[in-house]
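Tertiary structure, described
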Amino acid sequence: MAGVRLDRVRKVYGAVVALEELNLEIEEGEFLTLLGPSGCGKTTTLRLIAGFVEPTSGTILLGEEDVTGLPPQHREIGMVFQDYALFPHLTIRDNIGFGLKERGAGKAEIEARVQQLLELVQLPGVEERYPSELSGGQAQRIAVARAVAFPPRVLLMDEPLGALDLKLRESMQIELRRIQKELKITTVFVTHDQTEAMNMSDRIVVMNGGLIEQVGSAEEIYNSPKSKFVADFVGQINLIEGDVVLTRDGFATLKVAQDAAIRAPVANGDARGTLAVAVRPEHLRIVDSAETADSDNRLDGRVVGTIFSGNLRKVFIDIGMEKPLVLEDRPQNVALQDGAAVRVAWSPSDGILLDN
Amino acid sequence: MDRASRYKIRRTLGRVAFRAYCALSYIFLLSPMVVVIGTSLNGPKASTDASFQFPPENISLHWYARIPEAQIEALALSFALAGIVAVLACILGVPAALGLVRSNLPGKALISTVFRAPLQIPSIVTGIAFLQLFYLIGDLTGVYWQGTLFGLVLGHVFVATPYVVGTVTAVLQRFDMRLEEAALIHGASRWRAFRRVTLPVIMPGVYAGGLYAFMVSFGDVPIAIFLTAPGFVTYPVELFTALENDFDPSIMASASMVIFLCLILLLAVQKLVGLDTLLRTGGGGGR
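Predicted model only: the values in this text are computed from it and were never measured.

The rules behind the values
- Residues numbered from 1 in each chain as written.
- Chains lettered and ligands numbered in written order.
- Predicted model: local features only at pLDDT ≥ 70, side-chain atom pairs only at ≥ 80, totals over all residues.
- Heavy atoms only, no water.
- Helix = DSSP H or I, 4+ residues; strand = E, 2+ residues; numbered from the N terminus.
- Rg over C-alpha atoms; globule rule 2.2 N^0.38 Å.
- Buried < 20%, exposed > 50% of the residue type's maximum accessible area, 1.4 Å probe, protein only.
- Contact = heavy atoms within 4.5 Å.
- Areas by Shrake-Rupley, 256 points an atom, 1.4 Å probe, with all protein chains shown as cover.
- Lys, Arg positive; Asp, Glu negative; His and termini not counted.
- Charge placed at Lys NZ, Arg CZ, Asp CG, Glu CD.
- Core = buried A, V, L, I, M, F, W, Y, C linked by side-chain atoms within 4.5 Å.
- Domains from an automatic or database assignment.
- Buried area = accessible area lost by both parts, 1.4 Å probe.
- Salt bridge = Lys/Arg side-chain N within 4 Å of Asp/Glu carboxyl O.
- Nonpolar A, V, L, I, M, F, W, Y, C, P; charged D, E, K, R; others polar.
- Phe/Tyr/Trp six-rings, centres within 6.5 Å; stacked < 30°, edge-to-face > 60°.
- Lys NZ or Arg CZ within 6 Å of the ring centre and 35° of its normal.
- Pairing = 2+ DSSP bridges.
- Axes fitted to C-alpha atoms, helices over the stretch in contact; angles between N-to-C directions.
- Expected span 1.5 Å × (residues − 1).
- Bend = angle between axes of the 7 residues up to and from the residue.

Here's the deal with the overall build of chain B
The secondary structure content of chain B amounts to 10 helices and 0 strands. Secondary structure elements of chain B occur, N-terminal to C-terminal, as α-α-α-α-α-α-α-α-α-α. Relative to the compact-globule value of 19 Å for 287 residues, chain B shows a C-alpha radius of gyration of 25 Å, a clear excess of over 25%. Taking the principal axes of the C-alpha coordinates as reference, chain B spans close to 85 × 75 × 30 Å. Out of the 287 residues belonging to chain B, those deemed buried represent 37%. Taking the contacts inside chain B whose residues are at least 6 apart along the sequence as the reference set, 69% of them involve residues at least 24 apart. Summed over all atoms, the accessible surface of chain B reaches about 16,300 Å², with 69% contributed by carbon and sulfur. Computing the positive centroid from 21 side-chain charges and the negative centroid from 15, chain B places the two 24 Å apart.

Considerations on the nonpolar core
Core analysis: the largest hydrophobic core is formed by 85 residues, its most contacted members being Leu156 and Val188 of chain A together with Ile202 of chain B. Top element by residues in this core is helix H2 (residues 69-102) of chain B. It accounts for 13 residues. Each residue touching Leu156 of chain A, except ones within four places of it in the same chain, is listed here: Leu46, Ile49, Ala50, Ile77, Gly78, Met79, Val80 and Val188 of chain A. Membership of the second largest hydrophobic core comes to 35 residues, among which are Ile96, Ile179, Phe189 and Met200 of chain A.

Thoughts on the environment of Ala268 of chain B
Among the secondary structure elements, Ala268 of chain B is positioned in helix H10 (residues 250-282). A sequence separation of 249 residues divides Ala268 of chain B from Arg19 of chain B, and the C-alpha atoms of the two residues are 29 Å apart.

Concerning the domain arrangement of chain A
All names here are of chain A. The assigned domain composition of chain A is domain 1 (4-232) and domain 2 (236-355). When each unit is reduced to the centre of its C-alpha atoms, the spacing between domain 1 and domain 2 is 39 Å. Opposite the 9 residues of domain 1 that make contact, domain 2 presents 9 residues. Of the roughly 820 Å² buried between domain 1 and domain 2 on both sides combined, carbon and sulfur atoms contribute 53%. The three residues of domain 1 that bury the most area against domain 2 are Tyr222, Lys228 and Ala231, which together make up 64% of that side's buried surface. Connecting domain 1 to domain 2 are 1 salt bridge. When the shortest N-O distance is used, the salt bridge between Glu241 and Lys228 registers 4.0 Å. Sorting the residues of the side of domain 1 that touches domain 2 by element identifies helix H8 (218-223) and helix H9 (228-233) as the ones contributing at least two each.

Focus on the interface of chain A and chain B
Taken residue by residue, the interface counts 34 residues in chain A and 23 residues in chain B. Summed over both sides, the interface between chain A and chain B buries roughly 2,600 Å², with carbon and sulfur atoms accounting for 58% of that surface. The interface formed by chain A and chain B holds 4 salt bridges in total. Arg47 of chain A is paired through a salt bridge with Glu181 of chain B; the nearest N and O atoms lie 2.7 Å apart. For the side of chain A that touches chain B, the secondary-structure elements that each account for two or more residues are helix H1 (42-50), strand S6 (77-80), helix H3 (98-102) and helix H5 (136-148) of chain A. Of the residues assigned to the side of chain A that touches chain B, the class counts are 19 nonpolar, 8 polar and 7 charged.

Quick word on the packing of aromatic side chains
Throughout the structure, instances matching the rule amount to 14 aromatic pairs over all chains. Both rings, one in Phe130 of chain B and one in Phe158 of chain B, keep their centres 5.4 Å apart while their planes meet at 75°; by these two values the pair is edge-to-face. Of this pair, Phe130 of chain B sits in helix H4 (residues 123-141) while Phe158 of chain B sits in helix H5 (residues 149-174), placing them 28 residues apart in sequence. Here Phe158 of chain B falls in the partly exposed class, since its relative accessible area comes to 34%. Aromatic ring contacts, followed pair by pair, group Phe130, Phe134, Trp145, Phe150 and Phe158 of chain B into a single cluster. Positioned over the ring face of Tyr13 of chain A is Lys11 of chain A, at 4.9 Å from the centre of the ring. Cation over ring: Arg146 of chain A sits above Phe87 of chain A, and NZ or CZ is 4.6 Å from the ring centre.

Quick look at the sheet that holds strand S4 (residues 57-62) of chain A
Residue and element names in this part refer to chain A. In spatial order, the strands read S2-S1-S4-S5; together these 4 strands make up an open sheet with antiparallel pairing. If you trace the sheet from one side to the other, it starts and ends with strand S2 (16-26) and strand S5 (65-66), each paired once. Sheet topology places strand S1 (residues 4-13) next to S4; 5 bridges connect them, and they run antiparallel. Looking across to S4, one finds that Arg5 is bridged to Leu61. Those strands touched by H1 are S1, S2 and S4, and its axis lies near 115° from that of S1.

Overview of helix H1 (residues 3-40) of chain B
Residues and elements named next belong to chain B. Over its 38 residues, H1 extends 55 Å from the first C-alpha to the last, a length consistent with the 56 Å expected when each residue adds 1.5 Å. The principal kink in H1, of about 45°, is found at Leu30, preceding the proline Pro32 by one to four residues. Residues Gly38, Thr39 and Ser40 constitute the buried set of H1.

Examining the environment of Gly127 of chain B
All names here are of chain B. Mapped onto the fold, Gly127 is located in helix H4. Under the relative-accessibility criterion, Gly127 is labelled buried at 0%. For Gly127 and Val221, which are 94 residues apart along the polypeptide, the C-alpha to C-alpha distance reads 9.3 Å.

Points about the pairing of strand S12 (residues 251-255) of chain A
Residue and element names in this part refer to chain A. Sheet topology places strand S11 (residues 238-248) next to S12; 5 bridges connect them, and they run antiparallel. Opposite Asp243, over in S12, you have Lys255 as the bridge partner. Connecting S11 to the next strand, S12, in antiparallel fashion are 2 residues, including Asp249 with a positive phi near 55°. Of the pairings in the sheet, the one linking S12 to strand S13 (residues 261-265) comprises 5 bridges and is antiparallel in character. Of the residues in S13, the one forming a bridge with Ala252 is Ala264.

Quick look at unusual backbone geometry
One can expect most non-glycine residues to show negative phi and most peptide bonds to be in trans. All names here are of chain A. The phi angle at Glu76 is positive, at roughly 55°, despite the residue not being glycine. Residue position: Glu76 is located in the loop between S5 and S6. A residue is classified by how much of its surface remains accessible, and Glu76, at 33% relative accessible area, is partly exposed. The residue Gln122 is not glycine, and still its phi comes out positive at about 60°.

Now the structure itself:
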């Protein structure tokens, strides 16, 4: 087991830059997720660690060892592929035992390890079957067992849950995390699903266009996004643009649509020009028009739609911006009619000031 | 009549028509074989001409006992030749297909056209070309390859290899590269990954190509006719000569015998590798 370090790693395909200079350190035993839209460089990063592609420049370290240029079979890495890539012509036993056999393990040793791993992934008794005889969830577990059979220094997972339906995906998230914790194995997980990333990871790396946008825990990424991209990609968020007119006591006042003034905390001292205030839907409230809480930000608008989803209600409110505001609260007894005039309020400290 | 029953009648008519069509296809495909086997079962007759009757009279295995020795020997040679050709075509064809599918050589299209060329040249031209080549080599070195097993193998491998390249290319294009990556990352060297994963997965294509190669060699007359020598003749060439010279129903018996042998061979191949491998590789990666 070891950590991973990518030091000024750059990857160029012809004229296309897949990865700008990337610096990333993954700690021993950590579950780190690379999150981003397709083409953001997350899969390239994973394939660089695996050794399927070599960086154009920069170095890759596993623990203390520089593995740049070392072919994949000598890196002692385990990998779970999208759609699993189980060997269709081998039994589950031979699939799991593949790496052990390649590294010269004896028959008895392999058999013992296979049994132990089937126990770990909670699928005892399937060793005689072929991959085509397994369900998606089962194949997924076998793919994990194969990847960790010869204890790898690092476990890589490339969108491993993409092919599963929602219910199964959620239980597999818990299952994968359990296995990862049990083995205390350094794991790099690639996904474009932000919920999945937040459910599973110690830390999340949000990537975009071959660059790292932000690195942090799920809470950090969600509560304090550093850019509009991160704010928008992770969870739902309202972005309200405006010009800074005043900065005082750690809060900036912006002039936004409707000539309203809204306030948001300034992270580092000063703010000027056109910025965006980001507010999560759950921080918005619908307030009585007569109600006056001076410190709150307030905007008036009209309801253009509501979605009821059991424990939550989403309300879309047009305030004269390009996109309506999204508000999330508990369903009320009195239904909101489309077209109803409402006043939306939120506490200034819930806003996040972002560069436009 | 209501719409439902009209539909029912139409469906029944459609089914009958479809079955009749299938039956006609089978009759068309199988009738030559039935005639050959049927004629071979004629009993002894006064004249040779009378022995070519269909349907046969006085059914007996009379002519089976009179298959000339030379034909049996030729048959043995043909089987051996076709076997060697099939194996060599695979040994040459699989790497060729790998190169064509995997590499990004400039001029890949040209190379793949060259590999298909033997299929486009009329076999009789190929035969003459090889004969001339062997004369040339013989005149230079004193070793003449026409009329040797080596010469025949060379000529047949030339026309049979493109079939292997074709079938293996087809399976390789569908091959999921991640299987090979999975083998590599879990500790296999490039060669081991090929041996343990790629090759078994593409094996149905190799078997199919090998079988084509076998049949191409086994059925060939135009090339072999130039490269055989008296006393060293493949089965189809021997039959060809027999038909020209002494025509009698033993040829029918001999041909029927070969039909049965090939049938047994095909069933054996099917049993050994065909269905089983195809089903498993068709199963995909656990979906």
